[in-house]
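Results of the structural survey
Listed below are the residues making up each chain.
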Amino acid sequence: MELLVASAVGVMTAAGIYLVLRLRTFPVIIGVSLLTYAVNVFLFASGRLAMDMPPILRDGVENYTDPLPQALVLTAIVISFGMTAVVVIIALGSWLACDDDFVEAVEQHDPRTKSADRAPRGQDAA
Amino acid sequence: MSLFLIVALPFLGALLPGLMIQAGRQACFMATFLVTLLTAVGVAVHAPAVLSGEVITAQAEWLPGLGMNANFFLDPLGLMFAGLILGIGLLIIAYARKYLSRDDNMGEFFTYLLLFQGAMVGIVLCDNILMLLIFWELTSLSSFLLIGFWKHLPAGRQGARMALTVTGMGGLALIGGMLILGNIVGSYDLTVILENREAIQADPMYLPALILILLGCFTKSAQFPFHFWLPHAMAAPTPVSAYLHSATMVKAGLFILARMWPVLSGTDAWFWLVSGAGIITMALAAIIALFKDDLKALLAFSTVSQLGLITFLLGTGTGYAAMAAVFHILNHASFKAALFMTAGIVDHEAHTRDIPRLGGLRKLMPITFAIGTLAALSMAGIPFFNGFLSKEMFLEEAAHTKLFGSYYAVPVIATVGALFSAAYSFRFIVHTFLGPVRDDYPAKPHDPPTGMWLPPAILIVPVLLIGILPFLAEPFVKTVTYAVIGDAVEMPDAHLKLWHGLTPALYMSIIAVVGGLILLALYSPLARGWNAVPRPEAKPMFDAVIAAAVALAGRITHGLHNGSFTRYAAIMIVTIIALGAHAWMTGAFAGYTRAALDMTANAVAGWGMLVAATITLVIVHRNRLAALILMGIVGLMVSVGFNFFSAPDLALTQISVEVVTIILLLLALNFLPNRTPRETSGLRKTRDAVIALAGGGAVTALIYSMLRTDFAAESISQYHLDNSYKGGGGDNVVNVILVDFRGFDTFGEIIVLGIAALVIYALTEALLSSSVRARLLNRGYEERRAGDAHPVMMVVLTRVLLPIALMVGFYIFLRGHNEPGGGFIAGLVVAIAVVMQYMASGFAWAAKRQRYPYHGIIGAGVLIAGLTGIGAWFFGQPFLTSAFGYFRIPPMNEFELATAMGFDLGVFLAVVGAVMLSLESFSRLGRRSGEDAPEHAMDIDPSRDDDDDKTDGKGH
């Protein structure tokens with residue numbers, strides 16, 4: 001079971017890193033969201049895995065899972081929504097104001113691969 | 001008056017000028033003057049006690065763990081400096097009232113002046129070196145603001161920057177030196193440090209500490225080779241020059257030298273460094289001063305020279321010299337401030353302070369002439385003026401000092417310095433005031449209003465009084481001297497008097513005065529010669545050093561920071577992986593200590609879905625809508641996983657956050673292109689894939705080894721499990737942790753969430769008030785539109801669901817303390833229910849029915865949570881201590897009420913408000929002109945005849 005969790009977090013991390021290294025805002029935002037999942041599960045897992053032991057006190061039940069990481073991750077999930085929302089509005093503002101959804105401030109992409117829907121960059125984007 | 005109040009008054013008073021300027025310049029001036037007067041009175045009432053040997057203290061612990069205490073003490077040395085700062089401050093404020101023109105912002109000026117005054121008073125009264133360093137930096141900052149007060153003058157800005165750079169660097173050095181001293185002694189309290197002379201001087205770190213502290217003092221007091229900033233600081237308004245650069249700030253360095261004298265002085269290093277720098281500065285600056293044509297530049301270099309004289313006296317390490325130093329600090333402050341104010345008057349009335357354009361002002365400005373002459377004669381060291389007495393003592397000390405391996409070096413340098421001092425003093429008088437009246441002044445000079453000449457005239461009183469009757473000052477000077485030297489050396493038995501007999505000092509004095517007159521007579525040929533000789537200029541050198549530093553910093557920064565986010569991300573990720581790999585290689589891993597849980601078929605299936613969705617997501621990420629759907633699957637599987645591993649609260653939170661996040665990204669995708677173009681090369685993709693796989697592999701290994709090993713230290717979780725019911729009155733430990741054990745964290749988090757939502761709102765407002773608005777309005781539709789914007793099925797369904805969803809939210813909220821649920825989850829559920837209305841019935845329809853602004857809901861949430869926490873204070877408990885009890889209202893079962901519920905209500909409201917404000921802001925972008933609230937509650941109503949124009953008011 002530990003291997004499943006570890007590898008799942010690993011896959012999400014790898015996918016997140018790959019997408020974060022893309023050039024446009026949208027895949028980067030998706031990548032950051034994937035990294036958020038990975039980090040949240042990682043923090044949660046630091047309490048070690050336990051099944052059928054929810055931290056809800058019951059008479060006669062002795063063993064509970066670790067509640068502390070859960071409390072920390074709960075707020076982290078909600079805060080990550082706020083963070084995503086702020087990043088999205090910034091990306092959106094850049095796109096609406098300058099037709100620019102590159103995460104780069106410098107021209108780094110290959111001009112040969114100009115695609116049809118690529119919008120002109122704002123003149124002062126650099 | 002408490003010392004705390006004395007130090008705080010100027011800072012508090014600094015708030016006044018900016019306000020009082022609204023009531024006029026006179027009110028602004030009076031406020032500043034009274035604040036300073038009050039502070040001065042506060043110091044003065046302590047004077048009798050201090051002079052009789054008592055030390056006034058005020059102590060408060062601030063950060064005792066760091067050794068940082070707000071301790072202040074007032075001894076005779078502090079009293080003298082505080083008296084100078086506040087006394088001359090009063091005169092300067094009165095002078096500035098008339099000096100500043102109507103174009104100058106007087107409120108701003110006096111604000112800075114009071115800030116500076118407070119920082120200076122803080123330095124001289126402070127008994128904790130950490131506090132002292134803070135005040136020290138404050139003087140650098142406030143003097144920066146004052147020097148650059150005339151922002152329109154490039155010279156002012158450059159001078160201010162140079163002063164800040166030099167004194168700021170010195171300040172850093174001083175911090176280092178003081179911290180070393182504190183470490184040696186084991187206390188940061190000045191009075192404790194002062195008692196540890198032997199320990200400090202025996203310590204191997206004594207020399208580094210000394211050099212660092214001297215760097216701080218020499219930069220502040222403009223000693224060679226850091227003297228160059230002071231003349232450039234003369235671009236400041238004259239009251240600033242008179243106050244900061246003659247009487248107070250530049251003496252802060254001397255103050256530290258005097259303050260640290262008992263523990264630092266007496267060693268060879270101290271003697272060589274301090275006396276050497278002092279005597280060189282004294283002579284060099286005097287020579288330069290003579291050939292300066294700008295009145296203020298002449299005075300600036302003369303100040304540097306006089307400060308060098310005092311530094312030399314502090315460096316020789318004898319009690320006699322310390323007494324001379326104290327005496328000269330006093331004398332110099334009086335005559336130099338008067339001279340600066342005279343120069344300011346000349347500049348103000350003649351509209352120039354260029355000496356070749358002046359002369360003959362004696363008849364036109366008789367009062368100014370009298371003041372300037374008396375002060376300059378004191379500076380020249382003429383008998384019956386106070387400057388003569390302390391200069392005699394200086395020459396006496398110089399005659400007995402052996403430095404640079406020779407008995408003659410110091411007396412000769414000192415005589416040269418004194419000679420040039422006399423010469424520039426005479427030049428100040430002769431070239432400005434004497435000679436024929438000219439007819440080509442830029443303005444018609446005449447004596448200024450009383451308010452301007454009275455302050456320097458008042459300063460002339462002590463110049464003459466002490467000069468003629470020196471014994472008046474003797475008790476005070478001796479008391480202060482004792483405060484400086486303590487018991488480190490014997491008190492000198494010398495007396496302040498005019499006639500010491502035919503001493504070497506007298507001969508040196510005579511040589512200086514006569515030589516000065518001769519130099520002045522030969523001034524024209526000398527100046528021609530001086531100007532013909534090439535000299536190193538400090539400013540170009542300084543500028544070159546700064547330019548080189550900026551270029552170097554620029555190369556490093558631009559090399560690392562070229563604007564490519566992808567590059568930073570790659571560098572950061574690779575660095576983290578490398579650090580992890582390093583830790584893995586070098587660390588010791590004891591092996592697995594926990595047995596692995598068995599895999600179940602359900603878990604493997606869930607894992608398969610998550611991994612498949614993630615990999616597909618990477619492959620198809622160019623199709624943004626598909627990527628979003630796949631991300632939703634990943635999120636769902638994560639929440640299922642939380643539930644599987646005994647975290648029902650997390651599962652509920654994750655799934656509801658997932659919904660709002662997807663809605664948010666859908667709203668964003670409404671504007672962004674639907675596809676990501678193909679742009680990176682295959683090589684680049686391979687590189688990124690390698691980094692990604694390395695990162696993923698590393699994380700897998702890390703988590704796997706973590707999951708299979710036990711805690712390194714005992715977990716605090718058991719405490720929470722044990723006390724959740726007893727202390728927090730709840731069975732759901734996660735919720736009790738959130739609202740009770742770690743309530744303060746949660747309080748901070750809802751505030752962060754609220755701020756994030758407000759940021760989004762503000763950014764949206766900014767976008768909508770820019771050109772973006774017009775573009776949004778003119779935006780064409782790229783895709784075919786749905787024929788029915790508000791499908792009737794969805795409208796009906798969401799409206800029916802709304803009360804049910806609200807009830808579910810309420811239920812989740814109420815049970816949160818004992819079952820999975822709580823404010824966070826309830827808030828998200830309610831937010832989703834409301835968002836559904838926006839989606840189904842349109843923005844305008846929903847906004848029309850939204851009675852309370854979402855900002856207000858966020859604010860109410862934070863307020864309620866805060867008030868619940870504050871409530872604990874009324875019962876003498878710390879913030880956020882919760883209480884609970886069990887109640888029974890007859891027809892119902894016994895139920896529990898906990899104050900934590902009030903806190904959770906605050907969390908709930910803040911979450912609802914924040915989520916809704918964010919989503920609403922996004923949808924505002926999509927609102928086009930012409931979209932009004934629909935007339936009817938639903939677009940399609942079978943019972944209504946749509947051709948009929950009449951409105952029935954339903955839904956309004």
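Residues numbered from 1 in each chain as written. Chains lettered and ligands numbered in written order. Predicted model: local features only at pLDDT ≥ 70, side-chain atom pairs only at ≥ 80, totals over all residues. Heavy atoms only, no water.

1. Considering the overall build of chain A
Applicable threshold: Elements are defined by DSSP. Helices are runs of H or I of four residues or more, strands are runs of E of two residues or more, and each kind is numbered from the N terminus. Note on classification: 1.4 Å probe, protein chains only; a residue is buried when its accessible area is under 20% of the maximum for its type, exposed when over 50%, partly exposed between these limits. Only heavy atoms matter for contacts: two residues are in contact if any of them lie within 4.5 Å across the pair. Accessible areas in this description were obtained via Shrake-Rupley with a 1.4 Å probe; residue shielding takes into account the shown protein chains only.
Secondary structure summary: chain A contains three helices and zero strands in total. Going residue by residue from the N terminus, the α and β elements of chain A occur as α-α-α. Put simply, chain A has 126 residues, and 64% of those count as buried. Within chain A, contacts between residues at least 6 apart in sequence are counted, and of these 46% link residues at least 24 apart. Carbon and sulfur atoms make up 61% of the accessible area of chain A, which amounts to about 4,600 Å² in all.

2. A short note on a nonpolar patch on the surface
Residues and elements named next belong to chain B. The test is simple: Each patch groups residues whose relative accessible area exceeds 30% and which form no salt bridge, using 9 Å between like charges and 5 Å between nonpolar side chains of Val, Leu, Ile, Met, Phe, Trp and Tyr. Salt bridges are counted wherever a side-chain nitrogen of Lys or Arg sits within 4 Å of a carboxyl oxygen of Asp or Glu.
Side chains of M1, L5, M30, L34, L37, L38, V41 and V45 sit close together on the surface and give an oily, nonpolar patch of about 640 Å² of accessible area. At five residues, the largest contribution of residues to the nonpolar patch is made by helix α3 (residues 25–44). Within the fold, V45 resides in the loop between α3 and α4 (47–51).

3. Notes on the nonpolar core
Residues and elements named next belong to chain B. For the record, the criterion: Here the nonpolar core consists of buried residues drawn from Ala, Val, Leu, Ile, Met, Phe, Trp, Tyr and Cys, with membership extended through side-chain atoms lying within 4.5 Å.
Counting 197 residues, the largest nonpolar core has M178, W229, I256 and L264 as its most contacted members. Considering every element that reaches this core, the biggest residue donor is helix α18 (residues 319–350), with 21 residues. Not counting residues within four places of it along the chain, the set of residues in contact with I256 comprises L132, W136, L174, M178, I213 and C217.

4. Side note on the domain arrangement of chain B
Residues and elements named next belong to chain B. Worth spelling out the cut-off: Where each domain begins and ends follows an automated or database-derived domain assignment. The term buried area refers to how much accessible surface (probe radius 1.4 Å) is lost by two components on association, counted for both of them together. In the analysis that follows, any N or O atom pair within 3.5 Å is treated as a polar contact, provided that within protein one partner can donate a hydrogen and the other can accept it, and provided that, for residues neighboring in sequence, both atoms belong to side chains.
As far as domains go, chain B holds domain 1 (289–521), domain 2 (563–586 + 598–709) and domain 3 (733–778 + 788–944). Distance from the C-alpha centre of domain 2 to the C-alpha centre of domain 3: 29 Å. Each side of the interface is counted separately: domain 2 has 12 residues, and domain 3 has 15 residues. Three residues stand out in domain 2 for area buried against domain 3, namely D649, V660 and F671, and they jointly supply 36% of the buried area on that side. Between domain 2 and domain 3 we count zero salt bridges in total. Applying the counting rule to domain 2 against domain 3 returns one residue pair in polar contact (both at pLDDT 80 or more).

5. With respect to the packing of α3 of chain B against helix α5 (residues 76–99) of chain B
All names here are of chain B. Definition in use: Whenever a helix is involved, its axis is fitted only over the stretch in contact; in every case the axis is a line through C-alpha atoms, and angles between N-to-C directions fall within 0 to 180 degrees. Roughly parallel covers angles under 35 degrees, roughly antiparallel covers those over 145, roughly perpendicular covers 65 to 115, and oblique covers all other angles. It is the rotation of the near helix from the far one that decides the hand of a crossing: anticlockwise by less than a right angle makes it left-handed, clockwise makes it right-handed. Only Asp, Glu, Lys and Arg are considered charged, only Ala, Val, Leu, Ile, Met, Phe, Trp, Tyr, Cys and Pro nonpolar, and every remaining residue, Gly among them, polar.
Two elements in contact, α3 and α5, have axes whose closest approach is 10 Å; the angle formed by their N-to-C orientations is 165°. When the interaxial angle is binned, α3 and α5 end up roughly antiparallel. The element α3 and its partner α5 pack so that their crossing is left-handed. When α3 is examined against α5, the residues R25, Q26, F29, T32, F33, T36, L37, T39, A40 and V43 are found in contact with a partner set consisting of L79, A82, L86, L90, I93, A94 and R97. For the contact of α3 with α5, a count of residues per class yields 11 nonpolar, four polar and two charged.

6. A short note on the UniProt feature "domain: NADH-Ubiquinone oxidoreductase (complex I) chain 5 N-terminal" (unreviewed entry) in chain B
Stated precisely, the cut-off is as follows: UniProt positions are given in the numbering used here, feature names are shortened, and annotations may be inferred rather than shown by experiment.
Mapped onto this numbering, the UniProt entry gives "domain: NADH-Ubiquinone oxidoreductase (complex I) chain 5 N-terminal" (unreviewed entry) at residues 66–110 of chain B. With 64% helix and 11% strand, residues 66–110 of chain B has its two end C-alpha atoms placed 34 Å apart.

7. What to know about unusual backbone geometry
Residue and element names in this part refer to chain B. Of the consecutive residues F224 and P225, the connecting peptide bond is found in the cis state with omega at 5°. For P225, the position within the fold is in the loop between α11 (206–220) and α12 (229–232). For A222, which is not glycine, the phi torsion reads 55° and is therefore positive. Tracing the sequence through the fold places A222 in the loop between α11 and α12.

8. So, the side chain of H46 of chain B
Structurally, the position occupied by H46 of chain B is in the loop between α3 and α4. When neighbours within four sequence positions are excluded, H46 of chain B is seen to be in contact with M1, L3, I6, I56 and L74 of chain B.

9. Notes on empty space enclosed by the protein
Just so we agree on the cut-off: A cavity here means a set of 1 Å grid points, computed over protein atoms only, where a 1.4 Å probe fits but cannot escape. A pocket is an open set with protein on both sides within 12 Å along at least 5 of 7 lines, and lining residues have an atom within 4 Å of a point. Grid points are joined across faces, edges and corners, and a volume is the space filled by probe spheres set on the points.
Applying the stated criterion across every chain, the model contains nine cavities of 30 Å³ or more. Volume-wise, the largest cavity comes out at about 120 Å³. Every residue lining the largest cavity is counted, 13 residues in all, and those nearest its centre are T36, Y37 and S80 of chain A together with V657 and T661 of chain B. Taken together, the elements giving at least two residues each to the lining of the largest cavity come down to α2 (25–45) and α3 (67–98) of chain A together with α31 (648–669) of chain B. Taken together, the residues that form the lining of the largest cavity break down as five nonpolar, seven polar and one charged. If you add up the space inside the second largest cavity, you get close to 70 Å³. Taken together, R22, L23 and R24 of chain A together with R622, T676, P677, E679 and T680 of chain B make up the full set of residues lining the second largest cavity. Residues belonging to the lining of the second largest cavity are distributed by class as follows: two nonpolar, two polar and four charged.

10. Brief notes about the pattern of salt bridges
Within this structure, the stated rule accounts for 18 salt bridges over all chains. Residues E819 of chain B and R58 of chain A are paired through a salt bridge, measuring 3.1 Å at the closest nitrogen-oxygen approach. Placement of E819 of chain B in the loop between α37 (792–815) and α38 (823–841) and of R58 of chain A in the loop between α2 and α3 is noted, with the two residues assigned to different chains. A relative accessible area of 28% means that E819 of chain B is categorised as partly exposed. Classification of R58 of chain A as partly exposed rests on a relative accessible area of 37%. The partner of D101 of chain A in a salt bridge is R624 of chain B, with the nearest N and O atoms 3.4 Å apart. With one member in each of two chains, D101 of chain A in the segment after α3 and R624 of chain B in helix α30 (residues 624–644) form a pair that bridges those chains. A relative accessible area of 1% means that D101 of chain A is categorised as buried. What makes R624 of chain B buried here is its relative accessible area of 0%. One connected set of salt bridges, linked through shared partners, spans R22 of chain A together with R684, R687 and D688 of chain B.

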